[in-house]
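# Tertiary structure, described
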Amino acid sequence: MTLLFPSFGGYMASHSLVLNNTGVTLAEQTNHSLVLDNANVTLAEPPLVIGQEFPDVETCRRTLKDIAIAMHFDLRIVKSDRSRFIAKCSKEGCPWRVHVAKCPGVPTFTIRTLQGDHTCEGVRNLHHQQASVGWVARSVESRIRDNPQVKPREILQDIRDQHGVAVSYMQAWRGKERSMAALHGTFEEGYRLLPAYCEQIRKTNPGSIASVVATGQENCFQRLFISYRASIYGFINACRPLLELDRSHLKGKYLGTLLCAAAVDADDALFPLAIAVVDTESDENWMWFISELRKLLGVNTDTMPRLTILSERQRGIVEAVETHFPNASHGFCLRYVSENFRDTFKNTKLVNIFWNAVYALTAAEFESKITEMMEISQDVISWFQHFPPHLWAVAYFEGVRYGHFTLGVTELLYNWALECHELPIVQMMEHIRQQLVSWFNDRQDMGMRWTSILVPSAEKRIMEAIADAHCYQVLRANEIEFEIVSTERTNIVDIRSRECSCRRWQLYGLPCAHAAAALISCGHNAHMFAEPCFTVQSFRMTYSQMINPIPDKSQWREQGEGAEGGGGARVDIMIRPPKTRRPPGRPKKKVLRVENFKRPKRVVQCGRCHMLGHSQKKCTMPI
């Protein structure tokens, strides 16, 4: 096949390069073709001509290096200073040579003399002297801009495929690091910009909370807390009184931990309320984070329904919740509890009965399941002493979980940590903010398209309850109380207090089948008896506010007049990175967790040709 060779400086190559299994042959041909294995690459006009100009000497160096790599010959620099640049082919006897000199009175450089013909064989292997870390960084810049998570092994394979050059893993790694720094700034710069970034959040999104805390004489980063006014407004005015707390460890250059408090909107989607980054996970940092949540909600918690908080109930979280939210119901994440139960007993039948006990709505149902478990193993009694049922079982939990038994925020944090751990802290928070903006916009549009009373997920459950209601016999005791008779049992429904003796209406916020039967019998619309937090109106109110954009960092005030950073650091304070720097080498343990996470299969790389899939001992590539 015939391909056009990429141009350099607006021109094309003027002679041929033939690569085959025996090496590289360079010769003058009238047809000016480049043959790479079975691919025929046509080279048109010469890449360099006398009189060609470059804006500066650095551009000149880069252009010549790109040409040398593309045409597979080694470049040797003879002279390089402020006024001239002279280079030649490194092969002895080859006449190729270029002389570039500075133009008088202007910063540009121009080619004065050029001997553009090669008589040497060029580079005979895949390694190339000009394929430096800087060249690698420039070569992969566009790909890293699109995908910061690209792996060094993918980079070295791409360079081999596109340029016919083999680079080492460390060259690819360092090239990626240099390209990331050029695109996003350094990690150190990210911490330095935090006070100005927080000031921009408060300025562009009035009512938002953004503060950064430094510690020690060196002003090392310790804590960052951000909550946008749009999120605060949506949670207080429209979301369910339910918060999920969790964290994910970052594995960037300076480590750290990402903390998050998230609510749930009317359609059961996650609604992040507050995000924090701390230098390390500790009881002290959890106490600080939850105290900031308490300040954020302020007096509004007095008028809100009783708050339910779900977490893995680590000691630091338990103490902090008891201190700052003493009236809240603090329950276990069932993923953590069920995994502990499964690992303790290793009995599938016992685990299935355990989950039936979790979902049991009444104490009688729960006790019957406990009896079944005790028939299999008496050890469940001692296990319940470590995990009291009132912290996880629906029948005994004092709060309202609305059917949420595991932490959805865990997967969200894992994804954020995975996507952002290679970005400086400011870029990481900007990535999260941009995701929130996208979610708000999408859900605003979604909410405006709905014409029903309830959101789709609640609408589906109400319709299922109405369908099941036809199986029951309804006996009306008075205006508000009903007796619902079935073949299994009889339930009492009170439509004024919105309660059913099965307890599903109270626990899930939507009329159960018994309640639907009672409401239909007296001509009421069951949809109107759902909790307000399930209505389309509440969904629209949740996302009614906007998260405004942040100006480019070139417009931020890094050095201010000593303004306080909203309860955090002063804008003119120089914040340095934390001392929790990542140690060298591969992490000894998995620091990012997600359910069913599988470790990828190890890929072998040859130490001689740097190709993937075989070792140096089995390499068949000719030297």
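Residues numbered from 1 in each chain as written. Predicted model: local features only at pLDDT ≥ 70, side-chain atom pairs only at ≥ 80, totals over all residues. Heavy atoms only, no water.

In the annotation of an unreviewed UniProt entry, the entry for the protein chain reads SWIM-type domain-containing protein, and the organism field reads Crotalaria pallida.

## Focus: empty space enclosed by the protein
Take a probe with the size of a water molecule and roll it over the atoms, and the empty space left behind shows itself. Taken as a whole and judged by the stated rule, the model has three cavities of 30 Å³ or more. What lines the largest cavity is a set of 19 residues, among which Phe-187, Tyr-191, Leu-250, Leu-255 and Leu-423 lie closest to the centre. For the lining of the largest cavity, the secondary structure elements donating two or more residues are α6 (187-192), β15 (270-278) and α17 (425-449). A class-by-class count of the residues in the lining of the largest cavity yields 14 nonpolar, three polar and two charged. (1 Å grid on protein atoms, 1.4 Å probe; cavity = no way out; pocket = protein on both sides within 12 Å on 5 of 7 lines; lining within 4 Å. Points joined across faces, edges and corners; volume = space filled by probe spheres on them. Helix = DSSP H or I, 4+ residues; strand = E, 2+ residues; numbered from the N terminus. Nonpolar A, V, L, I, M, F, W, Y, C, P; charged D, E, K, R; others polar.)

## A look at the pairing of strand β8 (residues 84-89)
By the criterion of burial, β8 is predominantly enclosed, with five of the six residues buried. Note that strand β7 (residues 75-80) and β8 share five bridges and pair antiparallel. Looking across to β8, one finds that Ser-80 is bridged to Phe-85. Between β7 and the antiparallel strand that follows it, β8, lie three residues. Examined bridge by bridge, β8 and strand β9 (residues 97-102) share five bridges and lie antiparallel to one another. Bridging from a neighbouring strand, Arg-84 pairs with Ala-101 of β9. (Buried < 20%, exposed > 50% of the residue type's maximum accessible area, 1.4 Å probe, protein only. Pairing = 2+ DSSP bridges.)

## Some words on the packing of aromatic side chains
Enumeration over the complete set of coordinates arrives at 30 aromatic pairs. A centroid spacing of 5.3 Å and a plane angle of 50° characterise the contact between Tyr-191 and Phe-221, whose relative ring orientation is tilted. Of the two residues, Tyr-191 sits in helix α6 while Phe-221 sits in strand β12 (residues 220-227), which places them 30 residues apart along the sequence. Relative to Trp-439, the ring of Trp-416 lies with its centre 6.3 Å away and its plane at 15°, an arrangement referred to as stacked. Of this pair, Trp-416 sits in helix α16 (residues 408-420) while Trp-439 sits in helix α17, placing them 23 residues apart in sequence. Residue Trp-416 is classed as buried on the basis of its relative accessible area of 1%. Residue Trp-439 is classed as partly exposed on the basis of its relative accessible area of 21%. Geometry around Phe-397 places Arg-401 over its ring, the cationic atom sitting 5.3 Å from the centre. (Phe/Tyr/Trp six-rings, centres within 6.5 Å; stacked < 30°, edge-to-face > 60°. Lys NZ or Arg CZ within 6 Å of the ring centre and 35° of its normal.)

## Quick look at the packing of helix α13 (residues 348-359) against helix α14 (residues 363-376)
Close contact between α13 and α14 brings their axes to 9 Å; oriented N to C, the two are set at 165°. Taken together, the axes of α13 and α14 are roughly antiparallel relative to one another. The crossing of α13 and α14 is left-handed. Contact residues: α13 offers Lys-349, Leu-350, Ile-353, Phe-354, Asn-356 and Ala-357, while α14 offers Phe-366, Lys-369, Glu-372, Met-373 and Ile-376. Taken together, the residues of the contact of α13 with α14 break down into seven nonpolar, one polar and three charged. (Axes fitted to C-alpha atoms, helices over the stretch in contact; angles between N-to-C directions. Parallel < 35°, antiparallel > 145°, perpendicular 65-115°, else oblique. Left-handed = near helix turned anticlockwise from the far one by under 90°. Contact = heavy atoms within 4.5 Å.)

## A few points about the sheet that holds strand β17 (residues 329-332)
With mixed pairing, the seven strands of this open sheet are ordered in space as β11-β12-β15-β14-β13-β16-β17. Both outer strands of the open sheet, β11 (209-215) and β17, are each paired with one neighbouring strand and no more. Adjacent strand axes in the sheet meet at a mean angle of 20°, parallel and antiparallel pairs treated alike. Bridging between strand β16 (residues 308-311) and β17 involves four bridges; their strand directions are parallel. Pairing of Ser-311 across the sheet is with Phe-332, part of β17.

## Digging into a nonpolar patch on the surface
Side chains of Tyr-169, Met-170 and Trp-173 sit close together on the surface and give an oily, nonpolar patch of about 260 Å² of accessible area. Assignment of secondary structure puts Tyr-169 in helix α5 (residues 169-184). On the accessibility criterion, Tyr-169 (32% relative accessible area) is partly exposed. (Patch = residues over 30% accessible without salt bridge, like charges linked within 9 Å, V, L, I, M, F, W, Y side chains within 5 Å. Areas by Shrake-Rupley, 256 points an atom, 1.4 Å probe, with all protein chains shown as cover. Salt bridge = Lys/Arg side-chain N within 4 Å of Asp/Glu carboxyl O.)

## Things to note about the sheet that holds β8
What the five strands build is an open sheet, ordered β6-β10-β9-β8-β7; its pairing is antiparallel. Edge strands, defined here as strands with exactly one partner in the open sheet, are β6 (53-54) and β7.

## As for the packing of helix α12 (residues 334-345) against α13
Running from N to C, α12 and α13 cross one another at 150°; their axes reach a closest spacing of 10 Å. Judged by the angle between their axes, α12 and α13 are roughly antiparallel. Here α12 and α13 pass one another in a crossing that is right-handed. Along its contact with α12, which presents Leu-334, Val-337, Ser-338, Phe-341, Arg-342 and Phe-345, the element α13 presents Leu-350, Val-351, Phe-354, Trp-355 and Val-358. The residue makeup of the contact of α12 with α13, split by class, is nine nonpolar, one polar and one charged.

## Points about helix α20 (residues 513-521)
By the criterion of burial, α20 is predominantly enclosed, with seven of the nine residues buried. Within the sequence span of α20, burial applies to Ala-513, His-514, Ala-515, Ala-516, Ala-517, Ala-518 and Leu-519. Along its buried surface, α20 packs onto α18 (456-469), β18 (473-476), β19 (481-485), β20 (490-494), β21 (499-500) and α19 (504-508). Looking at the residues trailing α20, positive phi occurs at Gly-523, about 80°.

## Some remarks on unusual backbone geometry
Of note in this structure, Tyr-402 is not a glycine but carries a positive phi near 55°. Within the secondary structure layout, Tyr-402 lies in the loop between α15 (380-386) and α16. In this model, Arg-498 sits at a positive phi of 55°, which is unusual for a non-glycine residue. Here Arg-498 shows up in the loop between β20 and β21.

## Quick look at the side chain of Asp-265
Following the sequence through the fold, Asp-265 ends up in the loop between β14 (257-264) and β15. One buried charged residue, Asp-265, forms no salt bridge at all, with the nearest opposite charge on Arg-443 at 4.1 Å. A polar contact of 3.1 Å, which involves the side chain of Asp-265, links it to the backbone nitrogen of Asp-268. A polar contact of 2.6 Å, which involves the side chain of Asp-265, links it to the side chain of Tyr-543. Those residues in contact with Asp-265 that sit more than four places away from it in its chain are Cys-239, Arg-240, Phe-271, Arg-443, Phe-539, Thr-542 and Tyr-543. (Lys, Arg positive; Asp, Glu negative; His and termini not counted. Polar contact = N/O pair within 3.5 Å; in protein donor to acceptor, adjacent residues only side chain to side chain.)

## Quick word on the nonpolar core
Counting 108 residues, the largest nonpolar core has Leu-224 and Phe-289 as its most contacted members. Not counting residues within four places of it along the chain, the set of residues in contact with Leu-224 comprises Leu-194, Cys-198, Ser-211, Val-212, Ile-275, Ala-276, Val-277, Trp-288, Ile-425 and Met-429. If you look at the next biggest cluster of nonpolar residues, it comprises 28 residues, including Leu-350, Leu-361, Phe-384 and Ala-393. (Core = buried A, V, L, I, M, F, W, Y, C linked by side-chain atoms within 4.5 Å.)

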